Amino acid sequence: MTIDSSTATLEFEYITLGQRVLFGTGKAAEHLAQEVQRLGATRVMLIAGDMEQAMAEQVTAQIEVVVNYSNVVMHVPIEVAQDARAVARDNAIDVLVCVGGGSTTGLAKAVALETRLPIIAVPTTYAGSEATNVWGLTEASRKTTGVDDAVLPTTVIYDADLTMSLPVELSVASGLNGMAHCIDSMWGPRADPINQALAAEGIAALSSGLPAIVNDPYDLAGRERLLYGAYLSAVAFASAGSGLHHKICHVLGGTFDLPHAQTHATVLAYVLAFNMDAAPQASQRIATAFGSTDALAGLQNLRTALDAPRKLADYGFTADGIAEAAEITLDAVPANNPRTVTIKDLTQLLTAALEGSDPSVLR
Ligand code: NAD
């Protein structure tokens, strides 16, 4: 029988990143001790910021720590990375353990990038860096990112207990950062049906977890769903690559120093509005995952319920930056974006996001 391949509908290449994920509330210390032993490591370098030290102490209670490195700075300045690498080398470290948000994971990745040391990551926000092989470094105020499997943590330990202390406002912004990974994965440069399935489940988990913890920050099931959704979102994003949303936010964070999670939480509605009608199948999946008939309505209803970040003006962006941001972003727009993007489009999108106006005007 001859097969008519012109009727085929599924053709893609999907790469699974290899890492062990241990999920269990109240089990981080036990899981960490197990993993350190499994790796045969004896010289642990702990990386945790000042605000994360109490959590780190709890998590490392059952292991010996040779060095406790706490000089964590957002966006990983190269000087900090070089200092941390030297500390790792001088102390003959054989495993890195990071306990904290994306900034802390980012520093561990910067150390692993050069030393090739394995990382055990214990994330305490919903940024998702622990599930990607993407690193970032800032040199002379310019942020560079790259991909290297050596920075992918060998093991991720999720413990919802550690996220209870994350303030609600930051939890909302961080959860919407995860949501942005999901939505951008629907049309990123390497989007495929597996990324889209993970992203859809991520949207459902995040959109049920966020209202639960806004209602009660100590709602354990809600906190667990958020970590689960954050992981799915990052796996989808690592595979699909940066879409239009991430390109815009990368410029806003890197060149204009806007805060990471809040910027993602704000810009997402505008990119979704801009792209959705040009990507009807993806939009339908997003809408269904929100339990809505319309993707933008689903996101906006959630954002209203969460009192989510609304306008970039609240985070230090001004109209003076729009022309430069639009210009830098235009060069980075992925060729496969569902809709053609012009300077005029980016100017309109950034203006709307700056002012917090109704995103539906971008459709
Ligand atoms: P963050 O790590 O800077 O954390 C924000 C604040 O929350 C910090 O003060 C931190 O100490 C505090 N915090 C963290 N966990 C806490 C907890 N459980 N309780 C109380 N306070 C807590 O912010 P973030 O949004 O997690 O990470 C942002 C950084 O991660 C950015 O630099 C971004 O570029 C990077 N990132 C990288 C990737 C990647 O794939 N490489 C993906 C996502 C984010």
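Residues numbered from 1 in each chain as written. Predicted model: local features only at pLDDT ≥ 70, side-chain atom pairs only at ≥ 80, totals over all residues. Heavy atoms only, no water.

A.B. asks: Pulling in residues and values, what's your account of the overall build of the chain?
C.D. replies: On a plain count of helices and strands, the chain comes out with 13 helices and eight strands. Over its C-alpha trace the chain gives a radius of gyration of 20 Å, about what one expects of a compact globule, namely 21 Å for 363 residues. Taking contacts inside the chain between residues at least 6 apart in sequence as the whole, the part at least 24 apart equals 74%. Carbon and sulfur atoms provide 50% of the accessible area of the chain, an area that totals close to 15,300 Å². (Helix = DSSP H or I, 4+ residues; strand = E, 2+ residues; numbered from the N terminus. Rg over C-alpha atoms; globule rule 2.2 N^0.38 Å. Contact = heavy atoms within 4.5 Å. Areas by Shrake-Rupley, 256 points an atom, 1.4 Å probe, with all protein chains shown as cover.)

A.B. asks: Give a description of the pairing of strand 8 (residues 155-158) that names residues and reports values.
C.D. replies: A regular strand places its side chains so that they alternate between the two faces of the sheet. Residues Thr155 and Ile157 of strand 8 are buried on one face, and the alternating residues Val156 and Tyr158, pointing to the opposite face, are buried as well. Looking at chain direction, strand 1 (residues 20-23) and strand 8 are connected through four bridges and run parallel. Counterpart to valine 21 in the pairing with strand 8 is valine 156. Sheet topology places strand 5 (residues 119-123) next to strand 8; two bridges connect them, and they run parallel. (Buried < 20%, exposed > 50% of the residue type's maximum accessible area, 1.4 Å probe, protein only. Pairing = 2+ DSSP bridges.)

A.B. asks: Describe the layout of surface pockets, and please don't skip the residues or the numbers.
C.D. replies: Here the second largest pocket is characterised by a volume of approximately 170 Å³. The set of elements that each furnish at least two residues to the lining of the second largest pocket consists of helix 6 (193-215) and helix 10 (280-290). Looking at the lining of the second largest pocket residue by residue, the class counts come to six nonpolar, three polar and no charged. (1 Å grid on protein atoms, 1.4 Å probe; cavity = no way out; pocket = protein on both sides within 12 Å on 5 of 7 lines; lining within 4 Å. Points joined across faces, edges and corners; volume = space filled by probe spheres on them. Nonpolar A, V, L, I, M, F, W, Y, C, P; charged D, E, K, R; others polar.)

A.B. asks: Residues and numbers for the packing of aromatic side chains, please.
C.D. replies: Within the structure shown, the criterion is met by three aromatic pairs. With a centroid separation of 5.4 Å and 85 degrees between ring planes, the pair formed by phenylalanine 256 and phenylalanine 317 is classed as edge-to-face. With phenylalanine 256 in the loop between helix 8 (244-254) and helix 9 (260-275) and phenylalanine 317 in the loop between helix 11 (295-306) and helix 12 (322-332), the pair connects residues that are 61 residues apart, well separated along the chain. Taking the relative accessible area as the measure of exposure, phenylalanine 317 reaches 3% and is therefore buried. A connected cluster of aromatic rings, assembled from ring pairs, spans Phe23, Tyr158 and Tyr231. (Phe/Tyr/Trp six-rings, centres within 6.5 Å; stacked < 30°, edge-to-face > 60°.)

A.B. asks: Please set out the pattern of salt bridges residue by residue, giving values where relevant.
C.D. replies: A complete count under the given rule lists eight salt bridges for this structure. Linking arginine 85 and glutamate 114 is a salt bridge whose minimum nitrogen-to-oxygen distance equals 3.2 Å. Of the two residues, arginine 85 sits in helix 3 (residues 78-90) while glutamate 114 sits in helix 4 (residues 102-115), which places them 29 residues apart along the sequence. Between aspartate 148 and arginine 116 there is a salt bridge whose closest N-O contact spans 3.1 Å. Linking aspartate 148 in the loop between strand 7 (142-147) and strand 8 with arginine 116 in the loop between helix 4 and strand 5, this pair joins segments that are 32 residues apart in sequence. In the salt-bridge network here, residues are joined through shared partners; they are Arg20, Glu35 and Arg38. (Salt bridge = Lys/Arg side-chain N within 4 Å of Asp/Glu carboxyl O.)

A.B. asks: Tell me about helix 1 (residues 28-38), residues and numbers included.
C.D. replies: Taken as a whole, helix 1 has its buried residues at Ala28, Ala29, His31, Leu32, Ala33, Glu35 and Val36. On its buried face, helix 1 is in contact with strand 1, strand 2 (44-47), helix 2 (53-59), strand 4 (95-100), strand 5 and strand 8. One or two positions beyond helix 1, positive phi appears at glycine 40, with a value near 70 degrees.

A.B. asks: Please set out the site of the ligand residue by residue, giving values where relevant.
C.D. replies: The environment of the ligand is formed by 21 residues, the closest being Ser103, Thr124, Thr125, Thr132 and Lys143. A distance of 3.1 Å separates an oxygen atom of the ligand from a polar atom in the side chain of histidine 75. In this structure, a nitrogen atom belonging to the ligand sits 3.5 Å away from a side-chain N or O atom of serine 129. For the ligand, the protein covers 84% of the area, taking 870 Å² as the surface of the free molecule. The biggest single contributor to the shell around the ligand is helix 4, with three residues. For the shell around the ligand, the residue count by class is eight nonpolar, 10 polar and three charged. (Near = heavy atom within 4 Å. Polar contact = N/O pair within 3.5 Å; in protein donor to acceptor, adjacent residues only side chain to side chain.)

A.B. asks: Describe the domain arrangement of the chain, naming the residues involved and giving the relevant values.
C.D. replies: Along its sequence, the chain is carved into domain 1 (20-163) and domain 2 (168-362). Each of domain 1 and domain 2 has a C-alpha centre, and these two points are 26 Å apart. Roughly 1,900 Å² is buried in total at the junction of domain 1 and domain 2, and carbon and sulfur atoms are behind 68% of that figure. Where domain 1 packs against domain 2, one counts four residue pairs in polar contact (both at pLDDT 80 or more). Within the residue set of the side of domain 1 that touches domain 2, elements represented by two or more residues are strand 1 and strand 7. (Domains from an automatic or database assignment. Buried area = accessible area lost by both parts, 1.4 Å probe.)

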